[in-house]
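Tertiary structure, described
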Amino acid sequence: MTNVLMVLSAASHWTLADGTQHPTGVWAEEFLEPYRIFSEAGWKIQLASPSGTAPTFDPASLSEGGAGSTERVAEFESRIADLQPVLQHPLRLDAVNAGDFDVIFYPGGHGPMEDLAVDEDSGQLIVEAVKSNTTLGVLCHAPAALLAANDKKTGDWVLKGRKMTGFANSEEEIGGLADKAKWLVETRLIELGAEYSKASEPFASYVVVDGQLYTGQNPASSVAVAERIVADKS
């Protein structure tokens with residue numbers, strides 16, 4: 001059986017450049033759709049978060065605008081309610097080992113920009129995954145978590161030169177938060193030496209695969225990146 005670890009942000013806010021706190025968390029679609037796809041593939045799924053804290057879902061992702069329709073909001077809320085026994089008891093990130101999993105997957109939302117981007121345990125989990133060639137899926141704002149993946153011996157970023165995508169600056173601008181952010185995912189990835197690319201149109205589904213690294217640009221990429229991982233692991 002394929003074992004999957006889904007690493008979730010524990011943040012409920014994102015601190016902006018002026019010090020204000022913007023409500024956030026895990027983007028519902030980016031967790032629920034990959035979870036569904038992995039479950040339907042018969043894979044065993046475990047969750048982890050910093051300190052084993054139960055995740056908060058970004059309220060915008062459970063609004064009509066974020067989910068796409070009132071029907072979709074109701075569906076997401078129902079699925080979250082059904083998964084409460086799982087969501088309330090994630091593993092602690094400092095207690096997991098990359099070698100125990102075939103796939104490690106990070107959903108997005110602005111939450112990872114608050115905690116996983118500077119979380120050493122998450123960073124070293126990614127380092128271990130990269131060095132062992134473990135399948136690593138990272139979606140939307142979750143590439144922020146990649147920023148912490150520095151080799152302890154050399155200090156080097158282990159993903160330098162790798163092809164990837166992530167939430168685009170243009171998408172952040174459309175969302176109205178680009179000029180309020182301390183930093184942006186696209187900009188930081190490029191600064192660190194990633195070979196970044198994005199869809200020709202904002203918010204279009206876009207997936208980049210580089211070896212065992214699978215990245216999706218935005219919420220619309222949730223299904224595509226998870227299905228690609230399942231197809232390639234089958």
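Above this text you will find the structure in question.
Quick look at the structure, then. Note that this is a predicted model, so its numbers are computed, not measured. (Residues numbered from 1 in each chain as written. Predicted model: local features only at pLDDT ≥ 70, side-chain atom pairs only at ≥ 80, totals over all residues. Heavy atoms only, no water.)

Along its length, the chain carries nine helices and eleven strands. The C-alpha radius of gyration of the chain comes to 16 Å, within 12% of the 17 Å expected for a compact globule of 234 residues. On the principal axes, the C-alpha backbone points of the chain span a range of 45 × 40 × 35 Å. The buried share of the chain, taken over its 234 residues, is 53%. Of all intrachain contacts in the chain linking residues separated by at least 6 positions in sequence, the fraction that spans at least 24 positions is 75%. Seen as two clouds, the 17 positive and the 33 negative side-chain charges of the chain have centres 7 Å apart. (Helix = DSSP H or I, 4+ residues; strand = E, 2+ residues; numbered from the N terminus. Rg over C-alpha atoms; globule rule 2.2 N^0.38 Å. Buried < 20%, exposed > 50% of the residue type's maximum accessible area, 1.4 Å probe, protein only. Contact = heavy atoms within 4.5 Å. Lys, Arg positive; Asp, Glu negative; His and termini not counted. Charge placed at Lys NZ, Arg CZ, Asp CG, Glu CD.)

Another aspect to go through is the layout of surface pockets. Volume-wise, the largest pocket comes out at about 360 Å³. For the largest pocket, the lining is made up of 20 residues, of which Trp27, His110, His141, Phe167 and Phe203 are closest to its centre. Contributions of two or more residues to the lining of the largest pocket are made by β3 (21-23), α1 (28-40) and α7 (169-174). Split into classes, the residues belonging to the lining of the largest pocket amount to nine nonpolar, six polar and five charged. (1 Å grid on protein atoms, 1.4 Å probe; cavity = no way out; pocket = protein on both sides within 12 Å on 5 of 7 lines; lining within 4 Å. Points joined across faces, edges and corners; volume = space filled by probe spheres on them. Nonpolar A, V, L, I, M, F, W, Y, C, P; charged D, E, K, R; others polar.)

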